[in-house]
Each structure stands twice: as C-alpha cells, then as structure tokens.
Amino acid sequence: ALRAQPGWLGATALLVISWGLILAALRAFRLPNRHVAAHGELSGSDRLDRCIGQALSSLLLLAPMSVYQHAHVSDPIRAHHRWRTLQTPGEPTFEEIRSLGFKPGAPQKENWRYLWRGLLLSPVFYSRCLLQGLRDMFLSGSPSERVFSLALWATLIGAAALSRNLIVLLVA
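Residues numbered from 1 in each chain as written. Predicted model: local features only at pLDDT ≥ 70, side-chain atom pairs only at ≥ 80, totals over all residues. Heavy atoms only, no water.

**Some points on the overall build of the protein chain**
What the protein chain contains, in helices and strands, is eight helices and zero strands. Each helix and strand of the protein chain, placed in order from N terminus to C terminus, yields the pattern α-α-α-α-α-α-α-α. Contacts spanning at least 24 positions in sequence make up 45% of the contacts within the protein chain whose residues lie at least 6 apart. Counting every atom, the protein chain has about 12,200 Å² of accessible surface; 68% of that belongs to carbon and sulfur. (Helix = DSSP H or I, 4+ residues; strand = E, 2+ residues; numbered from the N terminus. Contact = heavy atoms within 4.5 Å. Areas by Shrake-Rupley, 256 points an atom, 1.4 Å probe, with all protein chains shown as cover.)

**Re the pattern of salt bridges**
For the structure shown, the criterion picks out one salt bridge. One salt bridge connects K103 with E110, and the closest N-O pair in it is separated by 3.4 Å. (Salt bridge = Lys/Arg side-chain N within 4 Å of Asp/Glu carboxyl O.)

**Quick word on unusual backbone geometry**
The backbone phi angle of L61 is positive, close to 55 degrees, even though this residue is not glycine. Mapped onto the fold, L61 is located in the loop between α2 (46–59) and α3 (65–74). Positive phi values are uncommon outside glycine, yet R164 reaches one of about 60 degrees. Here R164 is to be found in the loop between α7 (143–162) and α8 (166–171).

**What to know about α7**
Over its 20 residues, α7 extends 28 Å from the first C-alpha to the last, a length consistent with the 28 Å expected when each residue adds 1.5 Å. Trailing α7 by a residue or two, R164 shows a phi angle of about 60 degrees, which is positive. (Expected span 1.5 Å × (residues − 1).)

**Brief notes about the confidence of the model for the protein chain**
With 86% of its residues at a pLDDT of at least 70, the protein chain reaches an overall mean of 82. Per-residue pLDDT, averaged within each element of the protein chain, yields its smallest value for helix α4 (residues 92–99) (76) and its largest for α7 (92). (pLDDT = per-residue confidence, 0-100.)

**Considering the packing of aromatic side chains**
Going through the model one piece at a time under the given rule, you end up with two aromatic pairs. Seen in terms of ring centroids, F102 and Y114 are 5.4 Å apart; in terms of plane orientation they differ by 85 degrees. Their pairing is edge-to-face. Of this pair, F102 sits in the loop between α4 and α5 (108–120) while Y114 sits in helix α5, and the two are twelve residues apart along the sequence. Overall, F102 belongs to the buried group, its relative accessible area being 17%. With centroids separated by 5.2 Å and ring planes inclined at 70 degrees, the aromatic side chains of F125 and Y126 adopt a geometry described as edge-to-face. Geometry around Y68 places R34 over its ring, the cationic atom sitting 4.0 Å from the centre. (Phe/Tyr/Trp six-rings, centres within 6.5 Å; stacked < 30°, edge-to-face > 60°. Buried < 20%, exposed > 50% of the residue type's maximum accessible area, 1.4 Å probe, protein only. Lys NZ or Arg CZ within 6 Å of the ring centre and 35° of its normal.)

**Focus on a nonpolar patch on the surface**
Residues L15, V16, W19, I22, L23, L26, I157, L166, I167, V168, L170 and V171 make up a contiguous nonpolar surface patch of roughly 1,000 Å² in combined accessible area. When residues of the nonpolar patch are traced back to their parent elements, those giving at least two are α1 (7–38) and α8. Note on placement: V16 falls in helix α1. (Patch = residues over 30% accessible without salt bridge, like charges linked within 9 Å, V, L, I, M, F, W, Y side chains within 5 Å.)

**Some remarks on the layout of surface pockets**
Where empty space is left becomes clear once a probe the size of a water molecule has been rolled over the atoms. When its volume is computed, the second largest pocket comes out at roughly 160 Å³. For the second largest pocket, the full set of lining residues is R50, C51, Q54, M65, S66, S144, E145 and F148. At the level of elements, α2, α3 and α7 are the ones that each hand at least two residues to the lining of the second largest pocket. Residue classes in the lining of the second largest pocket are distributed as three nonpolar, three polar and two charged. (1 Å grid on protein atoms, 1.4 Å probe; cavity = no way out; pocket = protein on both sides within 12 Å on 5 of 7 lines; lining within 4 Å. Points joined across faces, edges and corners; volume = space filled by probe spheres on them. Nonpolar A, V, L, I, M, F, W, Y, C, P; charged D, E, K, R; others polar.)

Next comes the structure, spelled out in structure tokens:
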C-alpha cells in the first residue's frame, strides 16, 4: 500500500495550521467563560466562578483571575462596562491594543500590514507573549493564585512526563 509522506514542509504547514485552530478554539472558549466568571454569573456560585476563571487563567497563562476581575468589573476608571470610557485611552482593551503596536487613527491598511508582519509572523512577538504570560501567572495575583498555577502546571508537566508525552505538551 502507498503511504503519503508530507515531508518537513507539509508537516510544518500542518503544525502551523493546527496551532492556529487550537488558538482560535482556546480564545473562543476562554473569552466568554472567563468574562462571565468575572461577573460571577457562570455557575451561580461566586467561589466556583473564581475557581473556573482562575483555572482558565492558569492554563492559558493569562493574568490571574483577581487581577482580571478587578480591572474588568470593579475598577471605577478602567472597568470595561463603563460605556463612556469604552475604547478610549486608559481603558484596558484600548491600552492592550495600543501596547501591541497598533496605532489608533492610522489607516487600516497600515494596521493590517503591522498585524501580519509585526505580530502574526514574528517570533519576537510570541516570545514576549510567553514571557508576559509567565510573569502574569507566577509573579502577580494573590499567593493562592500563584500556588494554584504552579500546582496546575506541575501536574500537567508531571502527567505528560510520566506518560512519555512531554514533547506533545511542549509542542501544543
């Protein structure tokens, strides 16, 4: 029987496409669930919502739930549900977009070009995101959030190592 071998170029293309699909799925999963958990409306239990939100934050190397929840819901200036400040300088989403290097008021073509060249195809961008995620997860938030994150990742790495699937975890 004939077996198709994709070669290194085909395998690399499949890996990149797979990463893109995984990232899209994680974003679609994270955004609504973490957002609703921050408002305490995911399960009906504030404590369970905080745990779910923190698990998502830890797993995806995002800012701890307490930091996200404060900026998103509680902060009187930065909370995103303040419609007068939504998408204005100082508002978290606006500042995050600007911190990525996008220029408010610049022509759309320029921002699209920057998206492709400066972010999506840039290993530097992904390295910075990884380092920022590690800093957020293990150096900010409450001590219990840091311990939770450490325990979660130690469990994941330990399980992957014991099952001899560490390379799968590292590639994913």
